[in-house]
Every structure is written in C-alpha cells, then in structure tokens.
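# Overview (structure and organization)
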Amino acid sequence: MLKTNNCGELRVEHIGQEVTLAGWVNRRRNLGGLIFLDLRDRDGLTQVVANPEISDSAYATADSVRSEYVIQVEGTVQHRPAGTENPNLPTGEIEVLASHIKVLNTAKTPPILIHREEDEAEALRLKYRYLDLRRPRMQRNILIRHRAVKFIRDFLTSRAFLEIETPILFKSTPEGARDYLVPSRVHPGKFYALPQSPQQLKQLLMVAGFERYFQIARCFRDEDQRADRQPEFTQLDLEMSFVEREDILALTEELMIGMVNHACEKRIKATPFPRLTYAEAMERYGTDRPDLRYGLELVNLTSVAGRSEFRVFSEAVAAGQVVKGLRAPGCSNYSRKQLAEVEAVAKENGAKGLISLALEPDGTARSSVAKFFPDPLMVELLAAAEMEPDDLLLMAAGTPAEVNAALDGVRQEMAQRLGLISPDELAFGWVTDFPLFEWNEEENRWDPSHHLFTAPKEEDIPLLESDPGAVKSDQYDLVCNGNEVAGGSIRIHQRKLQEKVMELIGLSPQAARQQFGHLLEAFEYGTPPHGGIAPGIDRLVMLMAGERSIREVIAFPKSQSATELMANAPSEVEPRQLKELHIKLDLE
Ligand code: ASP
C-alpha cells in the first residue's frame, strides 16, 4: 500500500509515530512560512504541515501543489499547537509534520469545488460526477447504501433466502410503464424487453421450488421522470412460497427496522408499523402514501356541509360529491396573503377553491361562509372538525378524488408551515386492502391497481363477475415519510383465475397466451401459493440519507430528462450498427 494509515484515523495516541498518508489536497494554506495541507481520502481529513526547517524539499513540493493533486506524505504525528486544535474534526487534535511529500498526480482546477458544497447546477455535478462523488456528503450516501444492501443480504441469508439472478434481456414484464426494448441482431425484427421488475421470473422460481428468493434487482421503466424516478432503479425483490400476507409483512418489518438501525442515524417513529386500509388512508389523509410523521388528519364534513345554505357545498353534496376539511391548529390569525398561498396549493392539486373558517381565540367563527351556517349547524360543523379556539379550518368540495388530492397537498403544506416535519424521523406504515382494479376512463376498461399477478381476496372472487370494482386484493404497500417504499402482494397461483383477471383487464385469450403463455403453463405444474414484495432501495436510501432526490444516492444517475450527462447517453450510433439490427430511422 502507498499509505500506512487513512486520513480519518490518526489521534493523540499516535503522536510520535512515523506515518505515510496518501490522498487528495483538499485545501492548501500558506501561513507565515509554514504550509498547511488538508489531506483528504475516503476516511476523512488530516492536516499536514510543511516546515522548511524540517524539510526544504517537502516545503517546496507543498508550495507547488494545488487543490485535488494526489500526493503521498511521509511524516511524524504531532500534537497541534495549543489553541489551534479543531474540535469539529475527528483528527483535529493532531497534525502530520511532513518529512517527504511526493506528487502522485496533478489535477486541473476542478469545475466544482470538492471541499465546499455550492449551489451549482445539477447538470454540472452530473457531468463531473466522479468529482461530485468525492464530496463527503456523496461518499456518506454511497456508504449508507452499501450498509443497507449488505444488511439486507445478511438478514435474508440468515432467513434461508437464496439470492438468484434473473435475466436483463427478457420479455415484457408489465408493471404499468413503457418497456425499454432491445433489438435482436440474430432475430431480425424481434426485440427483447428489459424487465420492469423480475416479477414473472420470481414467481417462476417459486414454481421451481426455491421457496425463498431475493435479488438486488435492477428494474427498467420508460416513464416520465420525477425526483424519485429513474429509467433504471434498484429494488430488493423477494418472493416466498407457502406464505400468507402476515408472514411477508412481519419479515419486511423486521428487515426494515434492522436495516435502518444498521445503516443510518435516523429514528423509526413507531413500531410495530401502523396499519391503514386503503380506504382509511384515503379518508384520513387523502392519499395512499401518507406522511405519518405528523397528524393533521382530514375530517369528513359532507353531512353537515350538505345541510348548509352555502351553494358550493350543498350542490356538491346533492350531486353525490363530498366536503372534507383540515384543521390547522393555532392558525386563526392567518392573513389574507397566507390564505391565498395555501389556496394556491389546493388549486395546484386540482381543487376549484379552498374555503377557510377561523375560530377566534374568543370562540367567534370568522369566515365568508359563516352566514350560511346558522347557529346549530355552525356548532355541529365546529364539533365535526374538532375545532379549538384559535384554529383554522380549511375546506374543499368536489369528487372524492379531487378533494383528497387537494387536501393531501394542503396537509403537506400546513405541516411545513407549522414545522411538524421532523427531519430525523422515519415514519413507516402499511397500507393494505387495495381495490384489485382501477377504472381506466380513457381506455374504458379495468386496470390492475398493482399488477395483473396480484390475487383478489378469496372472499371477493365471486365479485369478479358481478362487480369487479368492489373486489379487494391482497396487495400491501409500505410507506415512509410520504413515499411508497415497497409494494407487494399475495399472487394468483391458478391458471383459471389468472386468465379471468387477464380477461377483465382487456387481454384477449390470444394476447394472454402470447405474452404470458409460459407463466400460465407453469401454473399447471403444481404451483405453490406464494407472495412477495419489492422495497425500492433508492428511495429507502434517499430517506435514510435525508436526501430529497434518489439521484443523490445513485452513483451514476440519469438526469431528470433521462440523459446520462457524463458519458452522454443515449447517443447516436453508427449506420453500420443500425443496419446489422435491421433498423431504419424515421425521425419526422
Ligand atoms: N413487482 C412488483 C413491483 O415492482 C413488486 C411485487 O409485487 O413484488 O412493484
């Protein structure tokens, strides 16, 4: 090795030792005849002093180096002079007095500063990702990721799971997104699809008798990008045979708790993880991935608001719509401007408007709609919303979907404004009992809420014929701080039932056989009951690292527009390559 110690390692007990360090020059200062170098490696920083009275050549080399030069330093560990210790640095009590400094490599002035985080454009960070990754924050994020994945592998191995790889070049495995296609050279006109997840393959591994499978799996989905989406992302994919829902939930919960405690400093808000049915989540939070770090639950005011003379409310309720509200404690004095800002959030999330009602500290209700709630009704409204003096009530009317989406946005906004979001907490929770299908207006057919392999609840199977919209499934989602961090289900394991679901989502028997014939056939050879789940590694690590985007926890992510900015992908290819693939471009 070119070094005897790491740069984060030396302490007072090493004083007097001869050491060799190697790393990057983080910063260089020339102070009254002495040169100080902060030497950085993955482990930390150590201060190096070059004193011309100790070594002329070390001093001369120290004088010539610049930020990000790679150097090797030989020297003696000594105490920093009294008063110059740095309590913020683990190595802050010592320094290395250089006897010899060798430049291992020079560096151009980097386009982004490594030792200081600045607000440079993300595109610049991604173009020079290898420099961006040198920053302590990014090194820490990648370390958290490593620890999490290592924990997962050890934990599942201790529970008799086998890690099995599945192909990347495969056939469409639909998870509701567009496929990435790979043209075949040897089979002109034919394409592989990159897996949106290993879903079918892991089910086939259950047919194959492995009973407990996992994989740290790359998934590919061609969909519009958002902060928490990437064209390729990583899941912990797992599947088990002979299980019921509770087995998967218990195993995943233990895994998550262990992983968080092992990989980061965050605290889990509540264990066992609270559980909500899908219907409860929508009713109380307006979303199926609620942020459970804070309360601010929605209240259903449909019955009382429908009896008011306020037409927006009464007409909505008469048309079968709903009125819901959110009580913001201590916000009765919100100014017109503040109210307008909150209403704008409701509107961005699809509301037509947001009606406010302030209960003054003296108990008087102040609102543009107060006159439409004559006294007994006003008392009922305040009671329904559990209003206390000094609270503000924010109300919206419309279809359940509109009102829920709007108040979900308002709830997040108010939590921010009220400072209710603890940055150190991870609030996990389960959402269960999803509907099996969602109605697709555009296509005029049922879509699977999760994917088409999810089993309906046994007692709801008869409804598949008569009332598909009422069928509940054995799907479960794990949410954390307002993000869906895992989704899974108990699967269909009988051919007939699988064909029925395929028919309901509009797949013709021929199409079903063509796309999924292998799976349908496999189901006829003794398929065990099975189920699984797939936690998203990127999102979990993002939350554990306290980051806002999954790009911060992926070594080489794509930009928001699905571009790899460092190597510049996607890019054009040689005409020869297209010809081999029998592809002609039509870029009109
Ligand atoms: N394959 C599913 C997904 O990627 C997860 C699962 O059902 O296990 O969302």
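For the structure itself, look to the data block above.
To keep things clear, this report deals only with the structure shown in the data block. (Residues numbered from 1 in each chain as written. Predicted model: local features only at pLDDT ≥ 70, side-chain atom pairs only at ≥ 80, totals over all residues. Heavy atoms only, no water.)

## With respect to the overall build of the protein
Along the protein, the regular secondary structure elements total 17 helices and 24 strands. Along the first, second and third principal axes, the C-alpha set of the protein runs to 90 × 75 × 55 Å. Counting only residues that meet the buried cut, the protein has 49% of its 588 residues in that class. Sequence-distant contacts in the protein: of pairs separated by 6 or more residues, those separated by 24 or more amount to 68%. Computed over 69 positive and 89 negative side-chain charges, the separation of the two mean positions in the protein equals 4 Å. (Helix = DSSP H or I, 4+ residues; strand = E, 2+ residues; numbered from the N terminus. Buried < 20%, exposed > 50% of the residue type's maximum accessible area, 1.4 Å probe, protein only. Contact = heavy atoms within 4.5 Å. Lys, Arg positive; Asp, Glu negative; His and termini not counted. Charge placed at Lys NZ, Arg CZ, Asp CG, Glu CD.)

## A short note on helix H5 (residues 199-207)
Within an α-helix, residues lying three or four positions from one another point in the same direction, as the helix has 3.6 residues per turn. With respect to burial, H5 is a largely interior element, 8 of its 9 residues being buried. For H5, the set of buried residues is Gln 199, Gln 200, Leu 201, Lys 202, Gln 203, Leu 205, Met 206 and Val 207. Tucked inside the fold, the buried residues of H5 contact strand E9 (212-220), strand E10 (232-241), helix H15 (509-522) and strand E24 (530-535).

## With respect to helix H6 (residues 245-263)
Its 19 residues place the ends of H6 27 Å apart at the C-alpha level, agreeing with the 27 Å of an ideal helix rising 1.5 Å per residue. All of the buried residues in H6 are Arg 245, Ile 248, Leu 249, Leu 251, Thr 252, Glu 253, Leu 255, Met 256, Gly 258, Met 259, Val 260 and Ala 263. (Expected span 1.5 Å × (residues − 1).)

## What to know about the site of the ligand
Inspection of the region around the ligand gives 13 residues, with Glu 175, Gln 199, Lys 202, Gln 235 and Arg 491 positioned closest. Within the side chain of Lys 202, a nitrogen or oxygen atom sits 2.7 Å from an oxygen atom of the ligand. Between the ligand and Gln 235, the relevant distance is 2.8 Å, taken from an oxygen atom to a side-chain nitrogen or oxygen of the residue. Burial of the ligand by the protein chains amounts to 94% of its free accessible area of 270 Å². Sorting the residues of the shell around the ligand by element identifies H5, strand E23 (483-490) and E24 as the ones contributing at least two each. Taken together, the residues of the shell around the ligand break down into 2 nonpolar, 7 polar and 4 charged. (Near = heavy atom within 4 Å. Polar contact = N/O pair within 3.5 Å; in protein donor to acceptor, adjacent residues only side chain to side chain. Areas by Shrake-Rupley, 256 points an atom, 1.4 Å probe, with all protein chains shown as cover. Nonpolar A, V, L, I, M, F, W, Y, C, P; charged D, E, K, R; others polar.)

## A closer look at the sheet that holds strand E17 (residues 392-398)
Within the open sheet, the 5 strands sit side by side as E13-E14-E17-E15-E16. Their pairing is antiparallel. Bordering the open sheet on either side are strand E13 (298-300) and strand E16 (365-366), each of which pairs with just one other strand. Across 3 bridges, E13 lies against strand E14 (residues 322-328) in antiparallel orientation. By the bridge assignment, Val 299 is partnered in E14 with Gly 325. (Pairing = 2+ DSSP bridges.)

## A look at the packing of helix H10 (residues 336-348) against helix H12 (residues 400-417)
H12 packs onto H10 with a crossing angle of 140° between their chain directions and a minimal axis gap of 8 Å. Taken together, the axes of H10 and H12 are oblique relative to one another. In terms of crossing hand, the pair formed by H10 and H12 is right-handed. Facing H10, whose interface residues are Gln 338, Glu 341, Val 342, Val 345 and Ala 346, H12 presents Ala 406, Gly 409, Val 410, Glu 413, Met 414 and Arg 417. (Axes fitted to C-alpha atoms, helices over the stretch in contact; angles between N-to-C directions. Parallel < 35°, antiparallel > 145°, perpendicular 65-115°, else oblique. Left-handed = near helix turned anticlockwise from the far one by under 90°.)

## Observations regarding the pattern of salt bridges
A full pass over the atoms with the stated rule returns 48 salt bridges. Of the charged contacts in the structure, one is a salt bridge between Asp 391 and Arg 327, with a shortest N-O distance of 2.6 Å. Here Asp 391 is found in the loop between helix H11 (375-384) and E17, whereas its partner Arg 327 is found in strand E14, with 64 residues between them in sequence. Taking the relative accessible area as the measure of exposure, Arg 327 reaches 28% and is therefore partly exposed. What you see here is one network of salt bridges that share partners, running through Glu 120, Arg 125, Arg 129, Asp 132, Arg 135, Arg 137, Glu 547 and Glu 552. (Salt bridge = Lys/Arg side-chain N within 4 Å of Asp/Glu carboxyl O.)

## Section: the nonpolar core
As a rule of thumb, nonpolar side chains are buried together in soluble globular proteins. If you look at the biggest cluster of nonpolar residues, it comprises 66 residues, and the most contacted ones within it are Leu 156, Leu 236, Leu 238, Phe 428 and Met 544. Here this core takes 8 residues from H6, the largest share from any one element. Leaving out residues up to four positions away in the same chain, Leu 156 has contacts with Phe 161, Phe 214, Leu 236, Leu 238 and Leu 251. In this structure, Val 299, Val 323, Ala 370 and Leu 381 belong to the second largest nonpolar core, which totals 23 residues. (Core = buried A, V, L, I, M, F, W, Y, C linked by side-chain atoms within 4.5 Å.)

## Considering the pairing of E23
With respect to burial, E23 is a largely interior element, 7 of its 8 residues being buried. Summarising the sheet, strand E22 (residues 475-480) and E23 pair through 6 bridges and their orientation is antiparallel. Residue Asp 477 lies in a different strand from E23, and its bridge partner there is Gly 487. Linkage of E22 to E23, two consecutive antiparallel strands, is achieved through a turn of 2 residues, within which Asn 481 is found at a positive phi near 50°. Here E23 runs beside E24; their pairing, made up of 5 bridges, is antiparallel. In the strand pairing of E24, Ile 490 is matched with Gly 531.

## Structural notes on the sheet that holds strand E2 (residues 34-41)
Strand order in the closed barrel formed by 5 strands is E1-E2-E3-E5-E4, and the pairing between neighbours is mixed. Ignoring which end each strand starts from, the neighbouring axes of this sheet average 55° apart. Looking at chain direction, strand E1 (residues 18-31) and E2 are connected through 7 bridges and run antiparallel. Among the inter-strand pairings, Asn 30 is bridged to a residue of E2, identified as Ile 35. Together, E1, E2, strand E3 (44-50) and strand E5 (94-105) form the strand contacts of helix H1 (residues 56-64), whose direction differs from that of E5 by roughly 70°.

## Examining the environment of Leu 507
Checked against the element boundaries, Leu 507 lands in the loop between helix H14 (495-504) and H15. The class of Leu 507 is buried, set by a relative accessible area of 19%. Once you skip the residues sitting within four places of it in the chain, Leu 507 turns out to touch Leu 452, Met 502, Ala 512, Gln 515 and Phe 516.

## Observations concerning the environment of Phe 310
With respect to the element layout, Phe 310 can be found in the loop between helix H8 (302-306) and helix H9 (311-318). Among residues more than four places away in sequence, those in contact with Phe 310 are Ile 355, Val 369 and Phe 372.

## Some details on the environment of Glu 360
Summarising the element assignment, Glu 360 is placed in the loop between strand E15 (355-359) and E16. Classification of Glu 360 as partly exposed rests on a relative accessible area of 22%. Linking Glu 360 and Glu 388, residues 28 residues apart in sequence, is a C-alpha distance of 9.1 Å. Once you skip the residues sitting within four places of it in the chain, Glu 360 turns out to touch Ser 332, Arg 366, Pro 389 and Asp 390.

## Quick word on the pairing of E10
With 9 of 10 residues buried, E10 is to be regarded as a mostly interior element. Strand direction decides the pairing type here: E9 and E10, joined by 9 bridges, are antiparallel. Residue pairing in the sheet places Ile 216 in a bridge with Leu 236 of E10. Across 4 bridges, E10 lies against E24 in antiparallel orientation. Paired with Met 240 across the strands is Gly 531, a residue of E24.

Honestly, it's all geometry; don't read function into it.
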